[in-house]
Amino acid sequence: MTKVQKPEAFAPDDRNQPLYADRVRVYPQAVTGTVRRAKWAVLALCLGLYYLVPWIRWDRGPDQPHQAVLVDMDKGRLFFFWIEVWPQEVYYLTGLLLLGALGIFAATSLFGRVWCGFTCPQTVWTDLYMLVERWIEGDRNARMRRDQKPRWGAADWGIKIGKHAAWVAIAAATGGAWVMYFTDAPTLVMDLLSFDASPTILGFIGLFTLSTYLLAGWAREQVCTYMCPWPRFQSAMLDDDSLAVSYRAWRGEPRGKARDTSAGDCIDCRACVNVCPTGVDIRDGLQLACINCGLCIDACDNIMAKLGRPTALIAFETVGNLAAAGTATCAIPPGPARCAPGMAARRPARLLRPRTWFYAAAMTTIGAVMLWAFVGRTDVAIEALRDRSPLFVRLADGSIRNSYTLKVSDRRHATDRLAVSVEGLPPGAAWQVLDRRDADANGRPLVETRADGVAEFRLFVTTAPEGRPEEESTPVRIRLVAPDGEAERAAVGTIFLRPRT
Amino acid sequence: MPDTMHDTLHGAPHRDEHTGTATTGHEWDGIRELNTPLPRWWLYTFYACIAFSALWVVLYPALPITGATGLLGYTVRGEADADRAAQATAAEPMLARLRATEPEQILADPDLRGYAIAGGRIAFANACAGCHGAGGQGAQGFPNLADDEWLWGGQLAQVEQTIRHGIRAPDDDATRTSMMPRFVADGQLTTAQANDVSEHVLALTNRATDKAAATRGAAVFAENCVSCHGERGEGNREMGAPRLDDQVWLYGGDKTTILRTVSFGRAGAMPAWERRLDPATIRMLTVYVHSLGGTEPSVP
């Protein structure tokens with residue numbers, strides 16, 4: 001395999017190497033091509049969803065929020081179209097986070113850091129900011145010329161101020177849209193227009209405006225290179241069969257002029273470096289700062305097409321294929337002759353391999369558990385909390401009583417009356433729901449649920465004075481049934497305990 | 001070979017062959033540290049953090065020195081006090097409703113009842129659990145509030161009265177008072193008579209160990225105990241005299257304990273909470289105690 005160019009082994013001034021490096025400004029050049037179009041599509045989809053979703057309305061009836069997607073902190077509810085999630089169901093969030101983590105692992109082991117290059121919010125907003133920058137300031141060369149001027153004229157200042165004003169406007173829209181996920185969007189806009197928004201809301205909008213402006217406008221690739229932990233452990237996800245943006249050194253090296261017949265296909269035009277949003281040279285190989293966005297593929301393909309050479313000198317390629325093609329072509333002199341045998345030595349990337357099977361199995365398992373838990377949700381649910389201090393009470397006549405707190409939750413937006421039924425009691429035992437005097441036709445006490453909330457009741461189970469249960473612990477089942485009928489709405493199991501002595 | 005400390009730490013110019021990165025010159029056991037320069041803004045962020053912490057020390061109480069209170073005069077205690085005041089203001093409308101509503105009516109209103117039980121649970125943990133236990137289960141000498149035995153009456157109004165004025169509370173004129181005499185200690189009964197009457201008390205629940213003594217004790221009981229505990233030991237709530245014919249024993253129902261009770265008397269005490277808790281809290285406690293074991297229905 002051809003050796004990639006590396007710095008000299010020794011440099012006389014290494015003793016004076018600084019411990020801190022000044023930032024090298026990156027001036028990414030505009031580029032067109034397949035990958036760029038895909039990135040525009042992903043950007044439009046992500047930003048479109050982000051800015052527009054809070055405006056989707058959803059009718060939930062009176063006194064309920066009409067926003068399709070809303071995290072209601074005051075009520076403690078998460079609304080997602082027809083789904084309402086209660087705070088005690090936060091395990092769904094755990095499941096989603098697990099799925100998200102495994103999804104990124106799986107995507108990385110298949111296609112490299114596509115999350116970083118295409119969908120990460122840092123990338124998406126930076127891309128948007130760079131687009132605006134190009135519209136206002138011009139492309140790479142114009143920007144570099146302006147920044148190198150010793151003095152800026154009025155036009156330069158106007159352009160710079162215009163750019164930052166546009167950035168701040170986008171940042172404010174971003175911060176505002178974030179808050180809309182936590183409060184009613186139209187109300188928020190009206191409040192903002194009439195200067196009635198609360199200091200809390202303004203504070204959060206300001207915070208997210210500032211962070212968007214700083215991260216997408218100023219920090220950019222520094223976030224990926226120095227702040228984000230993900231580049232640091234990407235190597236653990238990649239193997240010989242992972243497709244990642246790669247330079248086919250076996251074809252490109254040694255670099256030379258276009259008419260130099262003894263050189264490889266790379267003409268060292270630096271188009272791949274010029275378009276790179278993080279300023280790396282993909283020809284150095286897989287590296288920490290490369291976010292796998294693939295814009296260098298488009299840049300190189302455009303040059304190769306102009307030269308009449310095959311495209312895909314830079315491509316989504318596996319480490320295994322790079323090595324195989326290198327071995328197959330090392331005996332062939334550099335140049336176009338290497339292309340066909342090198343490509344022939346490759347084999348299709350193995351997408352299905354133990355690693356990806358494992359990720360798929362883990363994601364399927366978690367998804368199935370979440371789905372099972374979600375489908376099993378009922379409108380009415382009951383929990384029975386057995387009193388633990390005291391475990392049991394000895395009453396004056398010698399009978400033993402256990403006390404329970406029943407928590408009846410009702411997701412519906414109206415109250416309901418349900419009958420309580422307790423089954424599996426020790427022989428002769430009696431039970432009562434405290435302070436419930438109404439009963440249905442079968443003599444079972446009626447309890448009233450709380451609309452969109454939890455109602456608490458106290459249940460006492462008492463043995464007959466001499467009716468000591470056989471077992472120390474007797475399983476008991478508490479059911480909520482439709483009044484006058486047998487249709488079960490919810491049920492829960494618990495136990496009845498008697499003293500050991 | 002380097003011959004000075006400086007040269008040991010800053011060795012010859014070197015570039016790591018594998019990575020092509022310059023080293024810092026630091027070397028430990030042959031391992032050289034790569035020099036990957038930090039971005040300078042990171043350094044400035046570090047300085048900014050130092051400046052922030054200096055500002056923090058000036059503005060906030062950050063040093064463990066008396067008097068170093070910070071220019072802003074901030075204290076955690078002050079913030080907690082402000083929080084409590086804000087919470088008290090927010091709770092006031094509900095507390096006012098509780099003060100104006102009799103316990104029976106609170107039970108009939110799901111909102112008030114839920115609020116009272118939640119508030120009562122906290123007040124109970126603060127004020128009552130020390131003696132009565134976390135779940136009102138009581139202990140020797142401290143009544144179980146989850147059972148159906150009530151020394152001074154178990155209706156809501158009676159429970160509230162007990163909480164407000166306490167039992168044998170020295171600083172409250174309306175407190176509940178009664179006296180179990182020290183029969184043997186004060187010479188009113190002989191030890192033999194005390195033994196006999198204890199056997200009689202055991203006999204009330206069919207547990208006498210000495211039938212003859214129990215029979216003798218019946219006379220002693222009739223003379224000394226009936227006025228408070230009733231002819232068959234059915235108790236008297238006016239006097240706070242416990243039932244002796246059931247299975248709930250405040251101090252213990254074995255003969256040794258009964259004998260000690262007869263000999264040396266009992267005088268358990270409970271504070272009058274009216275002076276320490278506001279009426280709304282006492283009402284919430286009443287409702288909470290009701291939820292523990294159901295108390296007793298009011299007389300219609």
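Bear in mind that the values here come from a model prediction, so they are computed numbers and not experimental data.

1. Here's the deal with the overall build of chain B
For step 1, the next point in the chain: When helices and strands are tallied, chain B shows 12 helices and 3 strands.
For step 2, the next point in the chain: Relative to the 2.2 N^0.38 estimate, which gives 19 Å for 300 residues, the radius of gyration of chain B is 36 Å and therefore markedly larger than a compact globule would have.
For step 3, the next point in the chain: A principal-axis box enclosing the C-alpha atoms of chain B has dimensions of 110 × 55 × 40 Å.
For step 4, the next point in the chain: With 300 residues in all, chain B has 31% of them scored as buried.
For step 5, the next point in the chain: Considering only intrachain contacts with a sequence separation of at least 6, the fraction spanning at least 24 residues in chain B is 54%.

2. Here we look at the sheet that holds strand β14 (residues 473-481) of chain A
All names here are of chain A.
For step 1, the next point in the chain: Spatial strand order, β12-β10-β14-β15: 4 strands in an open sheet with antiparallel pairing. If you trace the sheet from one side to the other, it starts and ends with β12 (446-448) and β15 (488-497), each paired once. Between one strand axis and the next, the sheet turns through 30° on average, direction left out of account.
For step 2, the next point in the chain: As paired elements, β14 and β15 share 9 bridges and run antiparallel to each other. Note on β15: the bridge partner recorded for P475 is I495.

3. Here we look at the interface of chain A and chain B
For step 1, the next point in the chain: Each partner contributes to the interface: chain A provides 33 residues, whereas chain B provides 34 residues.
For step 2, the next point in the chain: Residue assignment for the side of chain A that touches chain B shows that the elements contributing at least two residues are β1 (20-21), α9 (221-227), β8 (393-394) and β13 (453-462) of chain A.
For step 3, the next point in the chain: A class-by-class count of the residues in the side of chain A that touches chain B yields 17 nonpolar, 5 polar and 11 charged.
For step 4, the next point in the chain: Both β1 of chain A and strand β3 (residues 38-39) of chain B contribute to a ladder of 2 bridges, which runs parallel. Among the inter-strand pairings, Y20 of chain A is bridged to a residue of β3 of chain B, identified as L38 of chain B.

4. Here's the deal with the domain arrangement of chain A
For step 1, the next point in the chain: Along its sequence, chain A is carved into domain 1 (21-89 + 115-230), domain 2 (239-344) and domain 3 (380-497).
For step 2, the next point in the chain: Computed over C-alpha atoms only, the centres of domain 1 of chain A and domain 3 of chain A are separated by 53 Å.

5. Let's talk about the confidence of the model for chain A
For step 1, the next point in the chain: When pLDDT is averaged along chain A, the result is 90; 97% of the residues meet or exceed 70.
For step 2, the next point in the chain: Contacts for the low-pLDDT stretch residues 1-12 of chain A, under 50 throughout, to residues beyond four places or in other chains number 21 contacts.

6. Brief notes about the domain arrangement of chain B
How big an interface is tends to be reported as the loss of accessible area on association of its parts.
For step 1, the next point in the chain: Under the domain assignment used here, chain B contains domain 1 (5-34), domain 2 (40-76), domain 3 (93-164 + 286-293) and domain 4 (191-264).
For step 2, the next point in the chain: Between the C-alpha centres of domain 2 of chain B and domain 4 of chain B the distance comes to 71 Å.

7. Comments concerning the sheet that holds strand β2 (residues 69-72) of chain A
Residues and elements named next belong to chain A.
For step 1, the next point in the chain: Taken in spatial order, the 3 strands make up an open sheet running β2-β3-β4, and their pairing is antiparallel. Edge positions in the sheet fall to β2 and β4 (83-85), since each of these pairs with one other strand and no more. Direction aside, neighbouring strands of the sheet carry axes that sit 10° apart on average.

8. Quick notes on helix α14 (residues 319-329) of chain A
All names here are of chain A.
For step 1, the next point in the chain: Inspection of α14 places N321, L322, A325 and T329 among the buried residues, and these make up the whole buried set. One face of α14 carries all of its buried residues, which in axial projection span an arc of 105°.
For step 2, the next point in the chain: Residues of α14 that are buried sit in contact with β5 (244-247), α11 (249-252), β6 (314-317) and α15 (339-344).

9. Describing the confidence of the model for chain B
Residue and element names in this part refer to chain B.
For step 1, the next point in the chain: Of the residues in chain B, 95% reach a pLDDT of 70 or more, and the chain-wide mean stands at 89.
For step 2, the next point in the chain: Summarising per-element confidence for chain B, the mean pLDDT is lowest in helix α1 (residues 5-9) (44) and highest in helix α6 (residues 129-132) (96).
For step 3, the next point in the chain: Across residues 1-9, confidence stays below pLDDT 50; counting only partners more than four residues off in sequence or on other chains, it has 5 contacts.
For step 4, the next point in the chain: In the model output, the complex is listed with pTM 0.81 alongside ipTM 0.84.

10. Examining the nonpolar core
For step 1, the next point in the chain: Ranked by size, the top nonpolar core spans 46 residues in total, and within it C272, V275, L295, C296, A299, C300 and I314 of chain A carry the most contacts.
For step 2, the next point in the chain: Residues within four places of L295 of chain A in sequence aside, it is in contact with V31, V35, R36, V275, C276 and P277 of chain A.
For step 3, the next point in the chain: Counting residues in each nonpolar core, the second largest holds 31 residues, with I400 of chain A together with A116, A123 and C128 of chain B among its members.

11. Here's the deal with the environment of R237 of chain B
Residue and element names in this part refer to chain B.
For step 1, the next point in the chain: Along the chain, R237 turns up in the loop between α10 (226-229) and α11 (255-264).
For step 2, the next point in the chain: With 136 residues separating them along the chain, R237 and T101 place their C-alpha atoms 26 Å apart.
For step 3, the next point in the chain: When residues no more than four places from it in sequence are discounted, the contact partners of R237 are L151, W152 and G153.

12. Quick word on the pairing of strand β9 (residues 400-410) of chain A
Residues and elements named next belong to chain A.
For step 1, the next point in the chain: β9 sits mainly inside the fold: 8 of its 11 residues count as buried.
For step 2, the next point in the chain: Note: strand β7 (residues 380-386) against β9, 7 bridges, orientation antiparallel. Looking at the pairing, R386 lines up with Y404 of β9.
For step 3, the next point in the chain: Between β8 and β9, which pair antiparallel in sequence order, lie 5 residues; one of them, G398, sits at a positive phi of approximately 90°.
For step 4, the next point in the chain: For β9 and β13, the ladder comprises 10 bridges, and the chain directions are antiparallel. Bridge pairing in β13 links D410 to G453.

13. Some thoughts on the environment of T494 of chain A
Residue and element names in this part refer to chain A.
For step 1, the next point in the chain: Relative to the helices and strands, T494 resides in strand β15.
For step 2, the next point in the chain: On a C-alpha basis, the gap between T494 and T449 in space is 21 Å, while along the polypeptide they are 45 residues apart.
For step 3, the next point in the chain: Once residues lying within four places of it in the same chain are set aside, the contact partners of T494 are A384, R386, Y404, V476 and I478.

14. Let's talk about the packing of helix α1 (residues 34-52) of chain A against helix α13 (residues 295-307) of chain A
A pair of packed helices can be characterised by two numbers: the angle between their axes and the separation between those axes.
Residues and elements named next belong to chain A.
For step 1, the next point in the chain: It is the contact of α1 with α13, at a shortest axis distance of 7 Å, that shows an interaxial angle of 145°. Seen from α1, the contacting residues are T34, V35 and R36; seen from α13, they are L295, I297 and D298.
For step 2, the next point in the chain: For the contact of α1 with α13, the class distribution of residues is 3 nonpolar, 1 polar and 2 charged.

15. Some details on unusual backbone geometry
Residues and elements named next belong to chain A.
For step 1, the next point in the chain: For the peptide bond that leads from E253 to P254, omega is -10°, which places it in the cis range.
For step 2, the next point in the chain: Relative to the helices and strands, P254 is located in the loop between α11 and α12 (271-274).
For step 3, the next point in the chain: The omega torsion across S389 and P390 is 0°, close enough to zero to call that bond cis.
For step 4, the next point in the chain: Secondary-structure assignment places P390 in the loop between β7 and β8.
For step 5, the next point in the chain: Positive phi values are uncommon outside glycine, yet D63 reaches one of about 60°.
For step 6, the next point in the chain: The topology assignment puts D63 in the loop between α1 and β2.
For step 7, the next point in the chain: Given 8 C-beta atoms within 10 Å, D63 falls into the exposed group.
For step 8, the next point in the chain: Residue D452 is not a glycine yet carries a positive backbone phi of 55°.
For step 9, the next point in the chain: Tracing the chain through its elements places D452 in the loop between β12 and β13.

The rules we used
Residues numbered from 1 in each chain as written. Chains lettered and ligands numbered in written order. Predicted model: local features only at pLDDT ≥ 70, side-chain atom pairs only at ≥ 80, totals over all residues. Helix = DSSP H or I, 4+ residues; strand = E, 2+ residues; numbered from the N terminus. Rg over C-alpha atoms; globule rule 2.2 N^0.38 Å. Buried ≥ 20, exposed ≤ 12 C-beta atoms within 10 Å, placed from the backbone. Contact = placed C-beta atoms within 7 Å. Pairing = 2+ DSSP bridges. Axes fitted to C-alpha atoms, helices over the stretch in contact; angles between N-to-C directions. Nonpolar A, V, L, I, M, F, W, Y, C, P; charged D, E, K, R; others polar. Domains from an automatic or database assignment. pLDDT = per-residue confidence, 0-100. Arc of directions from axis to C-beta. Core = buried A, V, L, I, M, F, W, Y, C linked by C-beta atoms within 7 Å.

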